[in-house]
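Breakdown of the fold
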Amino acid sequence: MGVAVGMDALSERAAMMRESVQKSQTISDSIVSILGSFDHRLSALETAMRPTQLRTHSIRRAHENIDKTLKAAEVILAQFDHYHQAEANVLKGPHEDLESYLEAIDQLRSNIRFFSSNKSLKSDDGVVNHANNLLAKAISKLEEEFKQLLASYSKPVEPDRLFDGLPNSLRPSSGSPGNLADSSTKAPSHHHSELHNSNSETAVYTPPTLIPPRVLPLLRDLAQQMVQAGHQQQLLKIYSRCNPIKHVTAVIRCLQPTTFMVVLPMNTWKQAFKDTRSSVFEESLRKLGVEKLSKDDVQKMQWEVLEAKIGNWIHFMRIAVKLLFAGERKVCDQIFEGFDSLSDQCFAEVTASSVSVLLSFGEAIARSKRSPEKLFVLLDMYEIMRELHTEIETIFKGKACTEIRESALGLTKRLAQTAQETFGDFEEAVEKDATKTAVSDGTVHPLTSYVINYVKFLFDYQSTLKQLFQEFESEKETGSQLASVTMQIMQALQTNLDGKSKQYKDLALTHLFLMNNIHYMVRSVRRSEAKDLLGDDWVQRHRRIVQQHANQYKRNAWAKILQCLTIQGLSSSGGGGSTVGVDGGNSSGVSRAMVKDRFKTFNMQFEELHQKQSQWAVPDTELRESLRLAVAEVLLPAYRNFIKRFGPLVESGKNPQKYIRFTAEDLERMLGEFFEGRTLNETKR
C-alpha cells in the first residue's frame, strides 16, 4: 500500500515537469518568432536606408577631394609666390643682400624640382624653362659677384707682414728684401747655423691673413652654389664638347627644355680664381725679392752675387712654404669646404707658377757646374728642402698636387746628389791644386787655411752629411765614413803641400813651410769637432811630423853657422900663432888670423840669416817662440863658449870690435826678430 502511494507521487511530479518543459518550449518558440520578426524588420530598415548612406558617403568623398584640391592649389600657389619672390631677389642682384640672393637661388632650384616632378600641369614645361633661364641669370650674376669679391680682397702681401710671421731669430734687422739680401752674404756657415738656431727654439710661424675672415664665408657660400650648379658628370661632358664660353646663359643652349639643373662653366670661375690668386702670389714673391732666373742666368753670375741669391732663396723657400703657401691652403680649404678634390686642384693651380719659379732656381744651382765653394750652399739648400719636406707633403696634399710634391722631392734628391759629387770632387781638387804662387815667407799657404776652414765648416753639417751618406750608401756607418773622407782630404792636402814645398830653393824654408802648415792643421783639428772624428792618434802623429820638420829646419838653417863656433880647423899648421886658453892664458896651436876669420864669417852669416829669416813667418805665437828658443838653446851657449875661449885673442889685437860685433845678448835680441814676416826695408832699418 505504501509503495503504491510513492509511485503515484512520482508520477504526478513527472507530469508536472513535463508540463513545465512544454511551456518553456512554447515560450522559446515565441521568443524566436519575435526575434525573427525583428531581424526581418531590421533588414527591411537597412534596405530602406542604403540609398541615404550612399549619398552621404559620396558627399564626404567630394568634400575630401575638394580639400585635397584646395591644398594642392595652395602648394602650387605657394610655389608661384616663392618663385616670384626669388625672381624679385635675383633681379635685384647679389650686391644689396647676398644672403637673400643665395636663398633665392635655392628657392629657384626647389621650384624647378617641384614643377619638374608634377607633369600633370599643362604649363610645367614653360615654368621650368623660365625658371632655368632665371637660374642661369642668377648663377651668372653669382659668378661675377665671386670674381669681384675675390678680386677686391686679393692683395699682394707686403714683405713686412711676411717677416712678422717669422720666428724672431729669422727676422731681418729691418723689413726689406734688401736687408735680407745683405744678411745672406756672410760666411757659408751663416745660413746653416741660422737654420739650426731656428729649429732649436720653439719656432712659431704665423701665416698672414690673405683674405679677411668675414669675407671667407661669403666666398664659401658662392663657391658652394657654383659647385652645385656644375658638378653633374653628364652635363660636364656636354660642356666639354661646347666651345669655351664666358657667360652661363650660353650653357642653356646645350640643355634639354625639361632639364632642371644648370651647368656652370667650372673652368670659367675656376680660372678666375686661379688668375686672381696666382697673380697675387707672384706679386707677393716679387715684392719679397724673388726673381725668375734661368740656368743661363745662374751660370753667368759672379760667385759672390750668386751666393747672396742662394742665401735669399733659402729664406724665400721658408717664407713661401711656411707662410704664403700655408696661408693659401687655409683659404682654399675654407672656400671649398666639403669639396676636397676641388680645393686641392685650385690650390695646385694657384701656387704652381710660384712653386715653379722657386724650384727652378734650385734646379739651376743643382745642375750648374760643380765647384768646391758651392758645397756649403748646396748643403744649405738640401737642409731647407729636408726641413720643409713634411710641410710640403701636408700642404700640397691630394692628387692634384702630385706633380708639385714630386718636383720638390726631385730637387731634394738632386741637391743631395750634386752635394755628394761636389764633396768627392773636393778631395781630388785639393790633391791636384796646381797653384804655382808659393808663399815667400814660408807661412801657412792659402790652400791650407781654405781646406781647414772647409773641413771645419763640414763639421757644422755633420747631421746633414750623415743623412747624405745614408741616401746613397745606407750599408756603411755614416760616422766612420765621414771620418774616412776627412782623413782623405787631409792626406790630399799634405800631398799637395809636399809638392809646393819643393818650389823653395832654401831647404830650411821648405821645412819651415811644412812645419807651419801641418802645425796649422793640427792646431785647427785640436780646436774643433774634427778631433773627435779623426782621433788622438791622428793628432799625435802629426804633432811628431811638425817636430820633425822643426828639427830639419834647425839642422839646415843653423848647421853651417854653428860650424863657425867650433874649434875644428882653428889649429895653425906652422904652430907660430899665439892662442888664448880657456883660462885666458896663452897656448899654442890656434891662429889669430883664423879666429878673426871665424868671427867675420859668423858675423856675415848671422846678419844674412837675420835679414832673411826676419822676413820668414811663423804665424803661431807659441810655435814661433818655441822655435826661437830651440835655436837660442843651441846658438847662444856655443857663441858664449867661443867668445870666452877665443875672444881674448882678438881683443888683444887692433880693432877688436870689427870682429866681435855681437854680444850674446845682441844675438838673443836679434833672434827675437826672426819669423816676424817683415819686409826687406824693415829688416834693413
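Predicted model, so just to flag it, every value in this text is computed and none were measured.

1. A look at the overall build of the protein chain
If you tally the helices and strands in the protein chain, you get 25 helices and 2 strands. The buried share of the protein chain, taken over its 685 residues, is 44%. A separation of at least 24 residues holds for 81% of the contacts in the protein chain among residues at least 6 apart in sequence. Carbon together with sulfur atoms contributes 51% to the accessible area of the protein chain, which is approximately 36100 Å² in total.

2. As for helix α12 (residues 303-335)
Along its 33 residues, α12 runs 45 Å from first to last C-alpha, staying within 8% of the 48 Å computed at 1.5 Å per residue. Most pronounced at A320, the bend in α12 amounts to some 40°.

3. What about the packing of aromatic side chains?
Under the counting rule described, the total for this entry stands at 22 aromatic pairs. When the centroid spacing of 6.3 Å and the interplanar angle of 40° are considered together, the rings of W313 and F361 count as tilted. Taken together, the residues span a long stretch of sequence, with W313 in helix α12 and F361 in helix α13 (residues 340-367) at a distance of 48 residues. A residue is classified by how much of its surface remains accessible, and W313, at 3% relative accessible area, is buried. Note on F361: relative accessible area 5%, which makes it buried. Relative to Y454, the ring of F426 has its centre 3.7 Å away and its plane inclined at 15°; by these criteria the two rings are stacked. Taken together, the residues span a long stretch of sequence, with F426 in helix α15 (residues 402-431) and Y454 in helix α16 (residues 446-460) at a distance of 28 residues. Here F426 matches Y454 in class, with each residue buried. Among the aromatic side chains, those forming a connected cluster through ring pairs are Y553, W558, F602, F606, W616, Y639, F662, F674 and F675. One Lys or Arg, K322, reaches over the ring of Y205 and ends 4.5 Å from the middle of that ring. The lysine or arginine in question, R329, covers the ring of F347, its NZ or CZ lying 4.4 Å from the ring centre.

4. Remarks on the confidence of the model for the protein chain
Chain-level statistics for the protein chain give a pLDDT mean of 78 and a share of 74% at 70 or above. Residue range residues 181-190 is modelled with pLDDT below 50. Its contacts to residues more than four positions away, or to other chains, number 21 contacts. The model gives residues 231-266 a pLDDT under 50, and that stretch makes 70 contacts with residues more than four places away or in other chains.

5. Quick word on the state of the cysteines
A complete count under the given rule lists 0 disulfides for this structure. No disulfide involves C346; its nearest neighbouring cysteine sulfur is the one of C332, lying 6.2 Å away. Unpaired in terms of disulfides, C401 finds its nearest cysteine sulfur in C332, a separation of 8.9 Å.

6. Description of the pattern of salt bridges
Within this structure, the stated rule accounts for 24 salt bridges. As a salt-bridge pair, E387 and K322 come within 3.6 Å of each other at their nearest N and O atoms. Residue E387 is located in helix α14 (residues 375-395), and its partner K322 is located in helix α12; the two are separated by 65 residues in the primary sequence. Considered together, E387 and K322 belong to a single accessibility category, that of buried residues. In the salt-bridge network here, residues are joined through shared partners; they are R318, K322, E387 and E391.

7. Details of the side chain of R329
By the secondary structure assignment, R329 is in helix α12. Given the relative accessible area of 6%, R329 is considered buried.

8. Comments concerning helix α21 (residues 536-563)
Helix length check: α21 (28 residues) gives 39 Å between terminal C-alpha atoms against 40 Å at 1.5 Å per residue, within 8%. By the largest-angle criterion, A557 marks the main kink of α21, which is about 40°.

9. Side note on the packing of α15 against α16
Between α15 and α16, the shortest axis-to-axis distance is 12 Å and the interhelical angle comes to 160°. Between α15 and α16, the angle is such that the two are roughly antiparallel. As for how α15 packs across α16, the hand of that crossing is left-handed. Along its contact with α15, which presents F423, F426 and V430, the element α16 presents L447, Y450, V451, Y454 and L458.

10. Things to note about the side chain of D620
Mapping D620 onto the fold places it in the loop between α22 (592-613) and α23 (621-651). Taking the relative accessible area as the measure of exposure, D620 reaches 11% and is therefore buried. In terms of polar contacts, D620 uses its side chain to reach the side chain of R523, at 2.9 Å. A polar contact is formed between the side chain of D620 and the backbone nitrogen of L623, at a distance of 2.8 Å. If sequence neighbours within four positions are ignored, D620 has contacts with H519 and R523.

11. Examining the nonpolar core
Residues W313, F325, M385, Y553, W558 and F606 are the most contacted members of the largest nonpolar core, which totals 157 residues. Sort the elements by how many residues they give to this core and α12 lands first, with 17 residues. Residues within four places of W558 in sequence aside, it is in contact with Y553, F606, L609, Q613, V631, L635, L671 and F674.

12. Comments concerning a negative patch on the surface
Taken together, the side chains of D460, E529, D532, D536 and D537 present a region of like negative charge at the surface. Position of D532 relative to the elements: it lies in helix α20 (residues 530-534).

13. Details of the packing of α12 against α14
Contact pair α12 / α14: the axes reach a minimum separation of 11 Å and the direction vectors enclose 10°. As judged from the angle between their axes, α12 and α14 are roughly parallel. Between α12, through W303, E307, I310, W313, I314, M317, R318, V321, K322, F325, A326 and R329, and α14, the contact on the second element is made entirely by V377, D380, M381, I384, M385, E387, L388, E391, I392 and I395. Along the lines of polarity and charge, the residues of the contact of α12 with α14 split into 15 nonpolar, no polar and 7 charged.

Here is what the cut-offs are and how they apply
Residues numbered from 1 in each chain as written. Predicted model: local features only at pLDDT ≥ 70, side-chain atom pairs only at ≥ 80, totals over all residues. Heavy atoms only, no water. Helix = DSSP H or I, 4+ residues; strand = E, 2+ residues; numbered from the N terminus. Buried < 20%, exposed > 50% of the residue type's maximum accessible area, 1.4 Å probe, protein only. Contact = heavy atoms within 4.5 Å. Areas by Shrake-Rupley, 256 points an atom, 1.4 Å probe, with all protein chains shown as cover. Expected span 1.5 Å × (residues − 1). Bend = angle between axes of the 7 residues up to and from the residue. Phe/Tyr/Trp six-rings, centres within 6.5 Å; stacked < 30°, edge-to-face > 60°. Lys NZ or Arg CZ within 6 Å of the ring centre and 35° of its normal. pLDDT = per-residue confidence, 0-100. Disulfide = S-S within 2.5 Å. Salt bridge = Lys/Arg side-chain N within 4 Å of Asp/Glu carboxyl O. Axes fitted to C-alpha atoms, helices over the stretch in contact; angles between N-to-C directions. Parallel < 35°, antiparallel > 145°, perpendicular 65-115°, else oblique. Left-handed = near helix turned anticlockwise from the far one by under 90°. Polar contact = N/O pair within 3.5 Å; in protein donor to acceptor, adjacent residues only side chain to side chain. Core = buried A, V, L, I, M, F, W, Y, C linked by side-chain atoms within 4.5 Å. Patch = residues over 30% accessible without salt bridge, like charges linked within 9 Å, V, L, I, M, F, W, Y side chains within 5 Å. Lys, Arg positive; Asp, Glu negative; His and termini not counted. Charge placed at Lys NZ, Arg CZ, Asp CG, Glu CD. Nonpolar A, V, L, I, M, F, W, Y, C, P; charged D, E, K, R; others polar.

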